[in-house]
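The primary structure of each chain is shown beneath.
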Amino acid sequence: MKSNRLVTSLVAVLLVVLFAGTVLCRSQVEKLRGKEVTLEEVLYMPSGKSVKRLSLGYSSLLADIYWTRAVQYFGEKSNQRSMRYDLLYPLLDITTDLDPHLIVSYEFGSLFLSQPPPEGAGQPEKAVALVEKGIRENPSYWRLYFTLGFIHYLDRRDYKAASEAFFKGSEVPGALPWMKVMAARMAEHGEDRSTALYLWKAVYDTSIDPQVKDTAMQHLASLRAEEDIEQLEQRVKLYRERTGVLPSRWLDMVRAGLLPGLPQDPKGAEYKLLPDGTVDVQDPTKYRFIDRTHNK
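Colleague: Lay out the overall build of the chain in plain terms, naming residues and giving numbers.
Modeller: Along the chain, the regular secondary structure elements total 13 helices and two strands. Relative to its 296 residues, the chain shows a buried fraction of 47%. Excluding contacts between residues fewer than 6 apart, the proportion of contacts in the chain whose partners are at least 24 apart in sequence is 55%. Accessible surface, the chain as shown: approximately 15,600 Å² in total, 55% of it carbon and sulfur.

Right, dumping it as structure tokens:
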């Protein structure tokens, strides 16, 4: 009984100290964001090391709390379609200071950071910094090299850095053989849609987080729609070369033998054939990651 009371007292003291620290750091957070913030949005202190010193040995528990707050913060901002996620990196940095071996915070936190707004923070450089921190603390976990290469390739478009990340990861004991294949593919092909499809498929297959899986599915659908649009526009050009005019509807191309039927996007809706011969999806909100410059 005495032992239980002692633990309860220590936890109570810890929470009081953390709350006091949160209040004291409020003005600094307001400077960071450049506007007023609510206290409930700021379960946050300027330094993870400061929090760890106050943790009285409960740093892993606090890391879980901060990680949960980071996920909640990301979800709130994403639902609001926000263009700013100013507290996301500080929350993740504190989380990983408190528990450097909380792998999930590096893997998923970096994806939250790297996605362009409003889907994410649009901070790929900070995402890289977070993953590199994770690698320093967990050098035997080869999947962090996959995450690093993923960010370099898809978000920074630095194919050399991506290739290096995959190659270094392939040398970690236990790494899957396809890491070395990805390193070579990055070095040879650079920007390639099939590589992006492969990477997002790997994220979807290996993630257990529903939000990350949903993001991966959206990227996969957008990439497949891009591929369809590129092929359809090539067939529209071929129709024009043969007839001297643009098709006014898909049925014209079906009758010309250029299409087997009315083309549908990955979600089953018919593609739009525009008067200038370009092609688009019926509902762009379902394909938020389509690269409109890819086919130009």
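Colleague: Can you lay out the packing of helix α4 (residues 59–79) against helix α5 (residues 88–98) for me, pointing to particular residues and giving the numbers?
Modeller: Packing of α4 against α5 brings their axes to within 8 Å, and their N-to-C directions diverge by 160°. Here α4 is positioned roughly antiparallel relative to α5, judged by the angle of their axes. Crossing of α4 over α5 shows left-handed handedness. For the pair formed by α4 and α5, the contact residues are S59, L62, A63, Y66, W67, R69, A70, Y73 and F74 on the first element and L88, L91, L92, I94, T95 and L98 on the second.

Colleague: How would you summarise helix α7 (residues 124–137) if you had to cite specific residues and measurements?
Modeller: Helix length check: α7 (14 residues) gives 20 Å between terminal C-alpha atoms against 20 Å at 1.5 Å per residue, within 8%. Within the span of α7, buried status applies to P124, A127, V128, L130, V131, K133, G134 and I135. Elements that come into contact with the buried residues of α7 comprise α5, α6 (103–114) and α8 (143–154).

Colleague: Residue-level account of the packing of α5 against α6, with values.
Modeller: Where α5 meets α6, the closest approach of the two axes is 11 Å, and the angle between their N-to-C directions is 170°. One finds that α5 runs roughly antiparallel with respect to α6. Listed contacts from α6 to L88, Y89, L92, T95 and T96 of α5 are S105, Y106, G109, F112 and L113. Taken together, the residues of the contact of α5 with α6 sort by class into six nonpolar, four polar and no charged.

Colleague: Requested: an account of the side chain of D265, with residues and values cited.
Modeller: Note on placement: D265 falls in the loop between α13 (250–255) and β1 (272–273). As a buried residue without a salt bridge, D265 has its nearest oppositely charged side chain in K286, at a separation of 7.2 Å. In this structure the side chain of D265 is engaged in a polar contact, spanning 2.8 Å, whose partner is the backbone nitrogen of K267. If we skip the residues at most four places from it in the chain, D265 touches Y271, V281 and Y287.

Colleague: A description of α6 should follow, citing residues and the corresponding values.
Modeller: Helical geometry: 3.6 residues make up each α-helical turn, so side chains three or four residues apart lie on a common side. Taking 1.5 Å as the rise per residue, α6 with 12 residues should run 16 Å; its terminal C-alpha atoms sit 17 Å apart, in good agreement. Most of α6 is tucked away: 11 of the 12 residues are buried. On its buried face, α6 sits against α4, α5, α7, α8, α11 (193–206) and α12 (210–243).

Thresholds, definitions, all that
- Residues numbered from 1 in each chain as written.
- Predicted model: local features only at pLDDT ≥ 70, side-chain atom pairs only at ≥ 80, totals over all residues.
- Heavy atoms only, no water.
- Helix = DSSP H or I, 4+ residues; strand = E, 2+ residues; numbered from the N terminus.
- Buried < 20%, exposed > 50% of the residue type's maximum accessible area, 1.4 Å probe, protein only.
- Contact = heavy atoms within 4.5 Å.
- Areas by Shrake-Rupley, 256 points an atom, 1.4 Å probe, with all protein chains shown as cover.
- Axes fitted to C-alpha atoms, helices over the stretch in contact; angles between N-to-C directions.
- Parallel < 35°, antiparallel > 145°, perpendicular 65-115°, else oblique.
- Left-handed = near helix turned anticlockwise from the far one by under 90°.
- Expected span 1.5 Å × (residues − 1).
- Nonpolar A, V, L, I, M, F, W, Y, C, P; charged D, E, K, R; others polar.
- Lys, Arg positive; Asp, Glu negative; His and termini not counted.
- Salt bridge = Lys/Arg side-chain N within 4 Å of Asp/Glu carboxyl O.
- Polar contact = N/O pair within 3.5 Å; in protein donor to acceptor, adjacent residues only side chain to side chain.

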